[in-house]
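Reading the structure
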Amino acid sequence: MRHVVVVVSNVRASITRLFSATKVGEGGGEGGRHDDSDVHGARSSGDEKDCHKSAVSTTVNSVFGVIDNASACSLFPELKHLPPRVVTFMDFLLLEDGDTHHRMSAFGTLDGWIGVGLVDMTQPELKAFHFTSHDSAITGLKLFRQFDQDSTSPSDVSLLVCSGLEPVVVYRCPFQNDGSNGGGGGKLTPSSRLVLPHSADFDHVNCACVADLDFDGLPEIVVGTFGQQLLFYDWCGKPHSPTEGSYTLVHQRRMVGAVHSLECGGECDFLGDGMYCIAVLTSHGLHLLQCAHLLDFCVPLLAARLRSLPSNFQCS
């Protein structure tokens, strides 16, 4: 792996307020205008605050389209099931299959509560909602296709959960064969939970990302910890049942500082050279990890895959 370090420095942006000249009546300055100092003196602090609040409110409403709570819950019916707690992380995945449009959403809170919802966006209607609880704050959530990467079915999507002081887990396909509005634990049950071994052995679990790093068609999981560790997990399926198995720790890398954020996947060609990267944000800066060279990794891997094909294999 080639390691590229990009130092991220803090940039202080200065904000300048521009006050337009104000017309005054008789006795005003030249041309009937005051300079900025006169305007500041004539305006009370209360008036300035009210003016500032009005400007901010107008800008926010016009740019971001703020809507009322009733409309928000109508467009996002899964929000009705969120508890009155501090949400620390969320993730969304949109699935389109012909005229069917689904939105999958996941939410995690400061006290370890996790909820996942499935919404038919054409209605919009909440098809299912499941929830469970962990024992520490949720620090990361990721909805991902665990096996069939081309699937548009919600039943093929799994949920990766990072909980600060607990091992990272994957809840397998929480919406598999489920079209009803679930209650209780739903499909987020211990029986559907896959634990990533040793993921909690290096201090606080801060983040994780999912991507196919070895080009085998199945996504790998990368976990970042406060203990300066990157942990790489690969799926090990059973010989006669590829969708049954477990995750195994296959590689470990020590970083120069605590890992705070990870980003990887199909859109992560950060250097523009055609090679995907893993972006690792640590307390010392931004680090980009990628394959050192095409000949060092990709070509030998392709050759090994070709040798593993049966002798009677024909390309259609």
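Relevant structure appears above.
Below is a summary of the structure that appears in this document. Values in this document were obtained by computation on a predicted structure and should not be read as measured data. Each chain carries its own residue numbering, running from 1 in the direction its sequence is written. Only residues with pLDDT of 70 or above have their local features reported here, since the model is predicted, and side-chain atom pairs are shown and tallied only from 80 upward, although totals for entire chains, interfaces and linings are computed over all residues. Hydrogens and water molecules were not included; the side-chain quantities draw on all heavy atoms of the structure.

1. Quick word on the overall build of the protein
Strands are runs of DSSP state E lasting at least two residues, helices are runs of H or I lasting at least four, and both sets are numbered from the N terminus onward. A tally of helices and strands in the protein yields 4 helices and 16 strands. Each residue is placed in one exposure class: buried if its accessible area under a 1.4 Å probe, protein chains only, is under 20% of its type's maximum, exposed if it is over 50%, and partly exposed if it falls in between. Across the 316 residues that make up the protein, the buried fraction comes to 35%. We get accessible surface area from the Shrake-Rupley algorithm with a probe of 1.4 Å; when it comes to residues, only the shown protein chains can shield them. As displayed, the protein offers around 18500 Å² of accessible surface, 54% of which is attributable to carbon and sulfur atoms.

2. Structural notes on the packing of aromatic side chains
Note on aromatic pairs: the rings of Phe, Tyr and Trp (six-membered ring only in Trp) are paired at centre separations within 6.5 Å, and the planes decide the class, stacked below 30 degrees, edge-to-face beyond 60, tilted for the rest. Throughout the structure, instances matching the rule amount to 5 aromatic pairs. Between W113 and F131 the ring centres are 6.3 Å apart and the planes differ by 25 degrees, which places this aromatic pair in the stacked class. On the criterion of sequence distance, the pair formed by W113 in strand β4 (residues 113–120) and F131 in strand β5 (residues 125–133) is long-range, its members being 18 residues apart. Ring centres of F147 and W235 lie 5.4 Å apart, and the angle between their planes is 75 degrees; on these two criteria the pair is classed as edge-to-face. In this pair, F147 sits in the loop between β6 (138–145) and β7 (157–163) while W235 sits in strand β12 (residues 229–238), placing the two residues 88 residues apart along the sequence. Residue classification places F147 among the buried residues on the basis of a relative accessible area of 19%. The rings of W113, F129 and F131 are connected pair by pair, giving a single aromatic cluster.

3. Some remarks on the environment of H287
Along the polypeptide, H287 turns up in strand β16 (residues 285–290). With relative accessibility at 3%, the residue H287 sits in the buried group. Between the alpha carbons of H287 and V256 there is a distance of 9.8 Å; along the sequence they are 31 residues apart. Of the polar contacts made by the side chain of H287, one reaches the side chain of T282; its length is 2.9 Å. Any pair of N or O atoms that falls within 3.5 Å is considered a polar contact. Within protein, one atom must be able to donate a hydrogen and the other to accept it, and sequence-neighbouring residues count only if both atoms are side-chain atoms.

4. What about the sheet that holds β7?
Pairing between the strands of a sheet comes from backbone hydrogen bonds, and it takes one of two forms, parallel or antiparallel. Any two strands with at least two DSSP-identified bridges between them are counted as paired. Reading across the sheet, the 4 strands line up as β6-β7-β8-β9 and stay open at both edges, with antiparallel pairing between neighbours. Across the chains shown, the open sheet's two edge strands, defined by having one partner strand only, are β6 and β9 (193–195). For this sheet, the mean inter-axis angle between neighbouring strands, taken without regard to orientation, is 20 degrees. The sheet contact formed by strand β8 (residues 169–171) and β9 spans 3 bridges and is antiparallel. Axes here mean lines fitted to C-alpha atoms, for a helix over just the part in contact, with angles spanning 0 to 180 degrees between N-to-C directions.

5. Re the state of the cysteines
Disulfide: a covalent bond connecting the sulfur atoms of a pair of cysteines. The disulfide definition used here is simple: a pair of cysteine sulfur atoms within 2.5 Å. Within the structure shown, the criterion is met by 1 disulfide. With its sulfur 2.5 Å from that of its partner, C209 forms a disulfide with C264. Residues C209 and C264 share a disulfide whose torsion about the S-S bond is about 110 degrees; that sign makes it right-handed. Taken together, the positions of C209 in strand β10 (residues 205–211) and C264 in the loop between β14 (259–263) and β15 (278–282) put the pair 55 residues apart, joining distant regions of the chain.

6. So, the side chain of S105
You can see S105 is positioned in strand β3 (residues 100–109). At 3.2 Å, the side chain of S105 forms a polar contact with the side chain of E78. Excluding residues within four positions of it along the chain, S105 makes contact with E78, D91, F92, G115, V116, G117 and L143. The contact criterion used is simple: two residues touch if any of their non-hydrogen atoms lie within 4.5 Å.

7. A few points about unusual backbone geometry
Leaving glycine out, the prevailing phi sign among residues is negative, and the prevailing peptide bond configuration is trans. Residue Q123 is joined to P124 through a cis peptide bond whose omega torsion reads -15 degrees. Positioned with a positive phi, D203 is a non-glycine residue whose angle comes to about 70 degrees. The partly exposed category is assigned to D203, whose relative accessible area is 48%.

8. A few points about the pattern of salt bridges
For side chains bearing opposite charge, pairing can occur when the charged atoms are close. Criterion for a salt bridge: a side-chain nitrogen of Lys or Arg within 4 Å of a carboxyl oxygen of Asp or Glu. A complete count under the given rule lists 4 salt bridges for this structure. Among the ionic pairs, D111 bridges to R85, the shortest N-O distance being 3.4 Å. One end of the pair, D111, is in the loop between β3 and β4; the other, R85, is in the loop between α3 (69–75) and β2 (87–97), and 26 residues separate them in sequence. The class of D111 is partly exposed, set by a relative accessible area of 42%.

9. Some details on the environment of V86
Summarising the element assignment, V86 is placed in the loop between α3 and β2. With 27 residues separating them along the chain, V86 and W113 place their C-alpha atoms 9.8 Å apart.

10. Points about the sheet that holds β3
With antiparallel pairing, the 4 strands of this open sheet are ordered in space as β2-β3-β4-β5. A single partner strand is all that each edge strand has here, and the edge strands are β2 and β5. Adjacent strand axes in the sheet meet at a mean angle of 10 degrees, parallel and antiparallel pairs treated alike. Judged from the 7 bridges that link them, β3 and β4 form a sheet pairing that is antiparallel. Within β4, the position partnered with H102 by the bridge is D120.

11. Concerning a nonpolar patch on the surface
Within this analysis, patches are made of residues with over 30% relative accessible area and no salt bridge. Like charges are joined at 9 Å or less; nonpolar side chains (Val, Leu, Ile, Met, Phe, Trp, Tyr) at 5 Å or less. Together, I67, L75, F76, L79, V87, M90 and F92 line one region of the surface with nonpolar side chains, adding up to about 580 Å² of accessible area. The biggest single contributor to the nonpolar patch is β2, with 3 residues. Counting through the fold element by element, F92 comes out in strand β2.

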